[in-house]
Amino acid sequence: MSESLPTRVVPLEAGASAENPPCPACGEPLFGWLDTQLGLAGPVRRCESCGLGVVGGDASPEEALRELDRCGDEESVRFPNRASYACALGSAGWSGIEPGARYLFTVEAARRLVARRDQVVKRSRWLPGASLAATCQTLLNSVTFGHNVALAALGRARAVPADEPWKRFIDGLASVVLAIPALAIALPVELAGAIFGRGAVVALRFELL
Ligand SMILES: [Zn+2]
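Quick look at the structure, then. From a predicted model like this one, the values you see are computed outputs, not experimental measurements.

Cut-offs applied
- Within any chain, residue numbers begin from 1 and follow the written order of that chain's sequence.
- It should be noted that, the model being predicted, local features are given only for residues of pLDDT at least 70 and side-chain atom pairs only at 80 or more, the latter also being counted only at that level, while totals for whole chains, interfaces and linings use all residues.
- With hydrogens and water excluded, all non-hydrogen atoms of the structure serve as input to the side-chain values.
- Strands are runs of DSSP state E lasting at least 2 residues, helices are runs of H or I lasting at least 4, and numbering of each runs from the N terminus.
- Both definitions apply: the radius of gyration is a C-alpha atom measure, and the globule rule equals 2.2 Å times residues to the power 0.38.
- Working definition: with a 1.4 Å probe on protein chains only, accessible area under 20% of the residue-type maximum means buried, over 50% means exposed, and in between means partly exposed.
- Throughout, a residue-residue contact means that at least one pair of heavy atoms, one from each residue, lies within 4.5 Å.
- Accessibility throughout is a Shrake-Rupley quantity obtained with a 1.4 Å probe, and a residue counts as covered only by protein chains that appear here.
- We count Lys and Arg on the positive side and Asp and Glu on the negative side, and we leave His and both chain ends out.
- Charge positions come from single atoms, namely NZ of Lys, CZ of Arg, CG of Asp or CD of Glu.
- The rule is short: rings of Phe, Tyr and Trp, with Trp giving its six-membered ring, pair when the centres are within 6.5 Å, and they are stacked under 30 degrees, edge-to-face over 60, tilted in between.
- Definition used: whenever NZ (Lys) or CZ (Arg) falls within 6 Å of the ring centre and also within 35 degrees of the ring normal, the charge is taken to sit over that ring.
- Here, the term nonpolar core denotes a set of buried Ala, Val, Leu, Ile, Met, Phe, Trp, Tyr and Cys residues that are joined through side-chain atoms within 4.5 Å.

**Thoughts on the overall build of the chain**
- Helices and strands together make up the secondary structure of the chain, namely seven helices and seven strands.
- Traced from its N-terminal end to its C-terminal end, the chain shows the element sequence β-β-β-α-β-α-β-α-β-α-α-α-α-β.
- In summary, the chain has a C-alpha radius of gyration of 19 Å against a globular reference of 17 Å for 209 residues, a match within 12%.
- A principal-axis box enclosing the C-alpha atoms of the chain has dimensions of 60 × 50 × 40 Å.
- A buried classification covers 43% of the 209 residues belonging to the chain.
- Taking contacts inside the chain between residues at least 6 apart in sequence as the whole, the part at least 24 apart equals 68%.
- Of the accessible surface of the chain, which amounts to about 11400 Å², a share of 57% is contributed by carbon and sulfur atoms.
- Taken as two groups, the 21 positive and 22 negative side-chain charges of the chain have centres that lie 4 Å from each other.

**Thoughts on the packing of aromatic side chains**
- Per the counting criterion, the structure on display carries three aromatic pairs.
- A centroid spacing of 6.3 Å and a plane angle of 25 degrees characterise the contact between Tyr 103 and Phe 105, whose relative ring orientation is stacked.
- For Phe 105, a relative accessible area of 3% gives the class buried.
- Both rings, one in Phe 145 and one in Trp 166, keep their centres 5.5 Å apart while their planes meet at 70 degrees; by these two values the pair is edge-to-face. A residue pair is termed long-range when its members are at least 10 positions apart, and Phe 145 in the loop between helix H4 (128-141) and helix H5 (149-153) and Trp 166 in helix H6 (residues 165-177) qualify at 21 residues.
- The structure contains a cluster of three or more aromatic residues connected by ring pairs, namely Phe 79, Tyr 103 and Phe 105.
- Positioned above the aromatic ring of Trp 33, the side-chain terminus of Arg 82 is 4.7 Å from the ring centre.
- The ring of Phe 145 has Lys 167 lying over it, and the distance from NZ or CZ to the ring centre is 5.4 Å.

**Structural notes on the nonpolar core**
- Counting 22 residues, the largest nonpolar core has Cys 23, Cys 50, Leu 52, Leu 68 and Phe 79 as the members making the most contacts within it.
- No other element matches the four residues that helix H3 (residues 107-115) contributes to this core.
- The contact partners of Phe 79, leaving out residues within four places of it in the chain, are Leu 68, Cys 71, Phe 105, Thr 106, Val 107, Ala 110, Ala 200, Val 201, Val 202 and Leu 204.
- Counting residues in each nonpolar core, the second largest holds 18 residues, with Val 44, Cys 87, Ile 97 and Ala 200 among its members.

See below:
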């Protein structure tokens, strides 16, 4: 009879270092995720535990909480979900990445952050219209030169336009011609997202303990 060796378990904290600073929401180390040129302050790290994305260095819980409040107010917020299927599908092309973004939230990261001021998530809701638009845009970002061109044209996001006029023309054309095919793919992605809590855009309502 073979004898199995005990599985060695290394806590995530063991990975913490200057390269992997602690997550401002849950304290676990952040790991490198994306190095993208989309008007961001630096490379993007992510937390493997709560899913929070952090752009650049010097993250703090206070700042993250202030940024979360900017997604609404101290009682309710809405944000692109970094734990969504759309984000997993799009990676650097995910429409939730916008110029100037600092924190990329998940429901779990928001829950951890508001717990610091004795709040709990009372209600978490998938926003169907905004989610479909965000996932369509994520898919379109994979074929356009610029980033978030269609959503910006609708006044729903900040774009990173292509550098040349002809590229911007192609991007505009592609966004119109491919809108329906993108919607056909986005629909099942978002229906699954709604069922499994991985929708592209979510709204949360908080309540004091
Ligand atoms: Zn975390």
